[in-house]
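# Tertiary structure, described
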Amino acid sequence: MTSTDRYLAQGPRVAIRPFTEDDRAEFTALARQSAELHRPWLFPPDADDAYDAYLARLREPQREGFLICERDSGRIAGYLTINNIVLGAFRCGAIGYGVFAHAAGRGLMSEGLRLVMRYAFGPLGLHRLEANIQPANKESVSLVERAGFRLEGFSPDFLFVDGAWRDHERWAITSEMLQEEDDDETDEEIDGYPTGYQDGRTPRAHEGGAAE
């Protein structure tokens, strides 16, 4: 799809939008094609029933899911989810993400992450995003480090991944940290794209505690 009417935010090369049922075939095919790149860090749904279950979870009130799409073709380049969203005095969520093989190494995920960060700290009303990453996953660490996340701690046996409990580093960024970084750039443009949102929509509200 090349129409912009479903995009929540756009940059020069990518745009972000929600997951839909219509994305099932493309997403699962890309997940199968990218299995060698993703393992052992990621296990995105690569079959129809797994995608449907994943989509149902993303529609729970404590989650948001975004597809990162190439603007020129509409092709899915990657995805990013915000999980365990809690509002109130916390206003925090934990992100997970993956790039597909055809888009890897092109900087598309970095651009998409920045769009999601601004959307999370803007329309979604969050104050803090966390990323829990296995230390050996150097590409993932580099992605969040480039985006301005800071290393805050180390959590032994934190998540059950690929058959075992894995240690994770905890990286995080707040809206103030992003604003400070933006203030160092021009008022009109950050990393080559406007700081505002195009074709924005009002998201659903989030309440309640963590899940999974």
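Residues numbered from 1 in each chain as written. Predicted model: local features only at pLDDT ≥ 70, side-chain atom pairs only at ≥ 80, totals over all residues. Heavy atoms only, no water.

Tallying each qualifying case throughout the model produces 10 aromatic pairs. Summarising the aromatic geometry, the rings of phenylalanine 27 and tyrosine 51 are spaced 5.6 Å apart at their centres and angled 55° between planes, so their arrangement reads as tilted. Highlighted residues: phenylalanine 27 in helix H1 (residues 24-33) and tyrosine 51 in helix H3 (residues 48-58), separated in sequence by 24 residues. Each member of the pair, phenylalanine 27 as well as tyrosine 51, carries the same accessibility label: buried. A ring pair is formed by phenylalanine 160 and tryptophan 165, whose centres lie 5.3 Å apart and whose planes are at 65°; its orientation type is edge-to-face. Residue class for phenylalanine 160 comes out exposed when judged on its relative accessible area of 51%. The rings of Phe19, Phe27, Tyr51, Tyr54, Tyr79 and Phe100 are connected pair by pair, giving a single aromatic cluster. (Phe/Tyr/Trp six-rings, centres within 6.5 Å; stacked < 30°, edge-to-face > 60°. Helix = DSSP H or I, 4+ residues; strand = E, 2+ residues; numbered from the N terminus. Buried < 20%, exposed > 50% of the residue type's maximum accessible area, 1.4 Å probe, protein only.)

Here the focus is the nonpolar core. Of all hydrophobic cores here, the largest spans 38 residues; its most connected members are Ile16, Phe66, Ile82, Ile95, Leu126, Leu129 and Phe149. Of the residues forming this core, the biggest block, 9 residues, is contributed by helix H4 (residues 108-121). Listed in part, the 15 residues of the second largest apolar core include Leu30, Leu55, Leu58 and Phe100. (Core = buried A, V, L, I, M, F, W, Y, C linked by side-chain atoms within 4.5 Å.)

Because the α-helix completes a turn every 3.6 residues, residues three or four places apart line up on one side. Within the sequence span of helix H5 (residues 138-146), burial applies to Ser140, Val141, Leu143 and Val144. Seen from one end, H5 has its buried residues packed into an arc of 160°, which puts them on one side. The exposed residues of H5 that point more than 90 degrees off its buried face are Lys138, Glu139 and Arg146. Of the surrounding elements, those touching the buried residues of H5 are strand S5 (92-99), H4, strand S6 (128-133) and strand S8 (164-174). (Arc of directions from axis to C-beta. Contact = heavy atoms within 4.5 Å.)

Applying the stated criterion across every chain, the model contains 10 salt bridges. For aspartate 52, the salt bridge is made with arginine 24, and the minimal N-O distance between the two is 2.7 Å. One end of the pair, aspartate 52, is in helix H3; the other, arginine 24, is in helix H1, and 28 residues separate them in sequence. With a relative accessible area of 23%, arginine 24 lands in the partly exposed category. A salt bridge links glutamate 152 to arginine 150; the nearest nitrogen and oxygen atoms lie 2.9 Å apart. Shared partners join several salt bridges into a network, and the residues in it are Arg128, Glu130, Arg150, Glu152 and Arg170. (Salt bridge = Lys/Arg side-chain N within 4 Å of Asp/Glu carboxyl O.)

We now examine the side chain of glutamate 111. Within the secondary structure, glutamate 111 sits in helix H4. Engagement of the side chain of glutamate 111 in a polar contact is seen with the backbone nitrogen of valine 14, the distance being 3.0 Å. (Polar contact = N/O pair within 3.5 Å; in protein donor to acceptor, adjacent residues only side chain to side chain.)

It is worth spelling out the environment of glutamate 169 at this point. Along the chain, glutamate 169 turns up in strand S8. Considered as a pair, glutamate 169 and glutamate 152 are 17 residues apart in the sequence and their alpha carbons are 7.7 Å apart. Glutamate 169 has contacts with Ala131, Asn132, Ile133, Pro135, Val141, Leu151, Gly153 and Phe154, leaving out every residue within four places of it along the chain. In terms of polar contacts, glutamate 169 uses its side chain to reach the side chain of tryptophan 171, at 3.0 Å.

Moving on, we get to the side chain of glutamine 134. Structurally, glutamine 134 can be placed in the loop between S6 and H5. Overall, glutamine 134 belongs to the buried group, its relative accessible area being 14%.

Keep in mind that these numbers describe shape and distance, not what the molecule does.
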